[in-house]
Amino acid sequence: MPALNPPVCDFDWPAPAFLLPATDGKAYALSDVAGSNGTLIMFICNHCPYVVGVIDRLVRDAGELQSNGVGVAAICSNDAEMYPQDGIDPMTDFARDHGFTFPYLHDEDQSVAKAYGAVCTPDFFGFNAVGGLQYRGRLDAAGRMNRPSEAERELFHAMIQVAKTGQGPLEQVPSMGCSIKWR
C-alpha cells in the first residue's frame, strides 16, 4: 500500500473537542490535554512502520514539548477488530514499552479521526494556546528511517515557535504514513 500524505495546514482551524478513554484507564477531553502554550494531537498506531520507525524520536520530542508548556496526546483510531494489534491492550503495552509521558487515547468509533480529518499514521496537529491549528507537518525529514544527525526536528521546532509566538511556520512539509484503517 502506498504512503499517504495529509493536506497542508489550514491555519487557525479550531481544534475539535473530544472525550476518549486512555491506556491508563482514565478518559481525557481536549481541555485535559491542552497546554498553556499549545497542544499537539498525534494520530498514531502500534503497528505502522512509519510510527514504529519514529517512535523514539516522537516520544523524545513530546517530552521536551511538554517541558515547554505544550500539551500532548496520541490517538489510535484504527479499526481494532480488523487490526487487533491496535486494540486497547496492545496500546497499553506500546505506551508502557516506549515510555509515553502523554495520554494514549483510543478512538474506537473513529469519530475523532474524522472530526480532525486525520489521514495517516503518524498525522500531527499542532495548535496554539487558543486552539487554532498552526502545524500539520512531519516529524522530520528522516521519515521512518533512522534519523541522520543533520535532519532538522521540524515538528519540535515548529511547536516551540507556536509556544513562543502563537504562530506556526508558513512552510511545512506534510507527514507521510500508512492510511488510518477505517471501518
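Okay, so let's go over this structure.

Some words on the nonpolar core
In this structure, Leu40, Met42, Ile44, Leu58, Phe100, Phe102 and Tyr104 are the most contacted members of the largest nonpolar core, which totals 34 residues. Elements with a contribution of two residues or more to this core: β3 (38-43), α2 (49-67), β4 (70-76), α3 (88-97) and α5 (154-165). Broken down by element, the residue count for this core peaks at eight residues, all from α2. The residues contacting Leu58, other than those within four sequence positions of it, are Met42, Ile44, Phe102, Phe124 and Leu139. By size, the runner-up hydrophobic cluster in this structure holds 20 residues, among which are Cys9, Leu20, Ala22 and Ile180.

Quick notes on the pattern of salt bridges
Tallying each qualifying case throughout the model produces nine salt bridges. Asp97 is the salt-bridge partner of Arg96, the closest N and O atoms lying 3.1 Å from each other. We classify Asp97 as exposed; its relative accessible area is 54%. With a shortest N-O distance of 2.9 Å, Arg136 and Asp123 are connected by a salt bridge. Of the two residues, Arg136 is situated in the loop between β8 (133-135) and α5 and Asp123 in strand β7 (residues 123-127); the sequence distance between them amounts to 13 residues. Each of Arg60, Asp61, Glu64 and Arg153 takes part in salt bridges that share partners, so that together they form one network.

A look at the packing of aromatic side chains
Applying the stated criterion across every chain yields a total of 12 aromatic pairs. Here the aromatic cluster, defined as three or more aromatic residues joined through ring pairs, consists of Trp13, Phe18, Phe43, Tyr116, Phe125 and Phe127. Its guanidinium or amino end placed over the ring of Phe156, Arg153 lies 4.1 Å from that ring's centre, counting from NZ or CZ. For Lys181, the ring lying beneath its charged end belongs to Tyr83, and the centroid distance is 5.9 Å.

Brief notes about the sheet that holds β4
Reading across from one edge, β5-β4-β3-β7-β8 is the order of the five strands in this open sheet, with mixed pairing throughout. Sheet topology places β5 (104-106) and β8 at the edges, where each strand pairs with a single neighbour. Strand-to-strand twist across the sheet, computed as the mean angle between neighbouring axes with direction ignored, equals 30°. Bridge count for β3 against β4 is six bridges, and the pairing is parallel. Residue Thr39 lies in a different strand from β4, and its bridge partner there is Gly71. Each of β3, β4 and β7 touches α2; the most contacted strand, β4, lies at about 145° to it. α3 rests against β4 and β5 of the sheet, and its axis sits at about 170° to β5.

What counts as what
Residues numbered from 1 in each chain as written. Predicted model: local features only at pLDDT ≥ 70, side-chain atom pairs only at ≥ 80, totals over all residues. Heavy atoms only, no water. Core = buried A, V, L, I, M, F, W, Y, C linked by side-chain atoms within 4.5 Å. Buried < 20%, exposed > 50% of the residue type's maximum accessible area, 1.4 Å probe, protein only. Helix = DSSP H or I, 4+ residues; strand = E, 2+ residues; numbered from the N terminus. Contact = heavy atoms within 4.5 Å. Salt bridge = Lys/Arg side-chain N within 4 Å of Asp/Glu carboxyl O. Phe/Tyr/Trp six-rings, centres within 6.5 Å; stacked < 30°, edge-to-face > 60°. Lys NZ or Arg CZ within 6 Å of the ring centre and 35° of its normal. Pairing = 2+ DSSP bridges. Axes fitted to C-alpha atoms, helices over the stretch in contact; angles between N-to-C directions.

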